[in-house]
Amino acid sequence: MTQPRPLVFEDREKLVAALSKHKADWWNLYEPICASIQRKFGELNVEAIVEASVASNTFRAFHNCSSKPSQVFREWGNEHFKDTLDKYRGAKSQREFDKWLGDIVQSLQETWPHEAGRKLGFGASLKLVNLVAKHLCICKEINSEDGKRVAWYLHVPLDRYTIVALRNCSSDVPPATWKIPSEATMSFIQKPELYWAFQYRIRELAFAAHVPPIVFDFVCWNGAHPN
């Protein structure tokens, strides 16, 4: 099956304009996702969100594991996202959210070698956690007021669609000094400084459009996967 091509914007202004279209209705972007998860799993609980958030093609990128990657992630995720849900839901600043994110990513990186038989890459571990975090704000255990607040702190999962979208968007915020390959994937993000450079760039664009940074993912990833 042919994968859809990433959306490529002509320049920074075109990307900001695409984000700005959702200034008034960005929370409604979650509605089709809520409906899809509820149709498949019956309810918006943590287990359903953990399973629904990471597609099978993402797990196919993990080679030579001693155990099935999807099983390793879901068993770990069901436990750890439940155990830390109060901290996720209660985050009232970017710093508090980033602390939650860092702790749970560390847990995944420590668990993966024991269960899957090999080390989990830096970019891959953050992408997996950020995919679940993106949707966790709509789970039934979190009211919409808390969900909307936390959504502003979310990091964007970095993959082919969100990385390549930035190729033509000049900015004073790094990675302006890095050349983004046309076929870059999550494995391109190998160092913390590059990860944070992308997150800061995305935040700068999103705030210029007056939307949460996660809207960038809805525009770039969901926009390329309308079905």
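Computed from a predicted structure; not experimentally measured.

Points about the nonpolar core
Phe73, Phe81, Tyr88 and Phe97 are the most contacted members of the largest nonpolar core, which totals 76 residues. In this view, Phe97 contacts Tyr88, Ala91, Ala133, Val150, Tyr153, Leu154 and His155; residues no more than four positions away in its chain are not counted.

Details of the pattern of salt bridges
Throughout the structure, instances matching the rule amount to nine salt bridges. We note a salt bridge from Lys99 to Asp103, for which the minimum N-O separation is 2.6 Å. Remark: Asp103 and Lys99 occur in helix 7 (residues 94–116); sequence separation between them is four residues, near one turn of the helix. By relative accessible area, Lys99 is classed as exposed at 52%. Judged by relative accessible area, which is 34%, Asp103 ranks as partly exposed.

A word on helix 2 (residues 31–41)
Of all the positions in helix 2, only Ile33, Cys34 and Ile37 are classed as buried. For helix 2, the angular spread of the buried residues around the axis is 100 degrees, confining them to a single face. Opposite the buried face of helix 2, by more than 90 degrees, sit the exposed residues Pro32 and Arg39. Tucked inside the fold, the buried residues of helix 2 contact helix 3 (46–53), helix 8 (122–136) and helix 12 (214–220). Of the residues one or two after helix 2, Gly42 is the one with positive phi, at around 95 degrees.

A word on the environment of Leu7
The residue Leu7 is located in the segment before helix 1 (12–20) in this model. In the structure, Leu7 is positioned 154 residues away from Tyr161 in sequence and 6.9 Å away in space, judged by C-alpha atoms.

Observations regarding unusual backbone geometry
With a phi angle near 65 degrees, His210 is a residue other than glycine that sits in the positive phi range. Secondary-structure assignment places His210 in the loop between helix 11 (192–209) and helix 12. Looking at His210, the relative accessible area reads 49%, which means it is partly exposed.

Notes on the packing of helix 1 against helix 11
Interhelical geometry of helix 1 versus helix 11 gives an angle of 60 degrees and a closest axis separation of 8 Å. The angle between helix 1 and helix 11 places the two elements in the oblique class. Helix 11 is crossed by helix 1, and the crossing has right-handed handedness. Counting all contacts with helix 1, which are made through Arg12, Leu15, Val16, Leu19 and Ser20, the residues of helix 11 involved are Glu204, Leu205, Ala206, Ala208 and Ala209.

Points about the side chain of Asp159
Looking at where Asp159 falls in the secondary structure, it is placed in the loop between helix 9 (144–151) and helix 10 (160–164). Of the residues examined, Asp159 reaches a relative accessible area of 5% and is grouped as buried. Those residues in contact with Asp159 that sit more than four places away from it in its chain are Lys127, Thr185, Met186 and Trp221.

Looking at the packing of aromatic side chains
According to the stated counting rule, one finds 13 aromatic pairs in the structure shown. Residues Trp26 and Trp27 carry aromatic rings whose centres are separated by 5.6 Å and whose planes lie at 80 degrees to one another, so their mutual orientation is edge-to-face. Between Trp27 and Tyr30, the aromatic rings sit 5.1 Å apart at their centres with planes inclined by 55 degrees, giving tilted as the arrangement. Each member of the aromatic cluster is reached from another via a ring pair, and the members are Phe73, Trp76, Phe81, Tyr88, Phe97 and Trp100. Over the ring of Phe218 we find Lys134, and its NZ or CZ is 4.4 Å from the ring centre. Sitting over the ring of Tyr161, Arg160 keeps its end group 5.7 Å from the ring centre.

Some thoughts on the environment of Trp152
Examined against the element boundaries, Trp152 turns out to sit in the loop between helix 9 and helix 10. A C-alpha to C-alpha distance of 9.8 Å links Trp152 and Arg203, two positions 51 residues apart in sequence.

A look at the environment of Val219
Structurally, Val219 is set in helix 12. On a C-alpha basis, the gap between Val219 and Ala184 in space is 18 Å, while along the polypeptide they are 35 residues apart. Every residue in contact with Val219, bar those within four places of it in the chain, is listed here: Leu7, Phe9, Ala18, Leu19, His22 and Ala224.

Quick notes on the rules
In this numbering scheme, every chain counts its residues from 1 along its sequence in written order. Whole-chain, interface and lining totals are the exception, using all residues; otherwise, since this is a predicted model, local features are given only for residues with pLDDT of at least 70 and side-chain atom pairs are given and counted only at 80 or more. Here the side-chain values reflect all heavy atoms present in the structure, with hydrogen atoms and water set aside. In these notes, a set of buried Ala, Val, Leu, Ile, Met, Phe, Trp, Tyr and Cys residues joined through side-chain atoms within 4.5 Å is what counts as a nonpolar core. The buried label goes to any residue with under 20% of its type's maximum accessible area, the exposed label to any with over 50%, and the partly exposed label to all in between, with areas taken from a 1.4 Å probe on protein chains only. Pairs of residues are marked as contacts when any of their non-hydrogen atoms sit within 4.5 Å. Whenever a carboxyl oxygen of Asp or Glu lies within 4 Å of a side-chain nitrogen of Lys or Arg, that contact is scored as a salt bridge. Runs of E in the DSSP output that reach at least two residues are strands. Runs of H or I that reach at least four are helices, and both are numbered from the N terminus. This arc corresponds to the set of directions leading from the helix axis out to the C-beta atoms. To get an axis, fit a line to the C-alpha atoms, keeping to the stretch in contact for a helix; angles then go from 0 to 180 degrees between the N-to-C directions. Angle categories: roughly parallel below 35 degrees, roughly antiparallel above 145, roughly perpendicular from 65 to 115, and oblique for all the rest. The crossing is said to be left-handed when, going from far helix to near helix, the turn is anticlockwise and less than a right angle, and right-handed when the turn is clockwise. Only centres within 6.5 Å qualify two rings of Phe, Tyr or Trp (six-membered ring in Trp) as a pair; their planes then separate them into stacked at under 30 degrees, edge-to-face at over 60, and tilted for everything else. Both a distance and an angle decide whether a charge sits over a ring: NZ of Lys or CZ of Arg must be within 6 Å of the ring centre and within 35 degrees of the ring normal.

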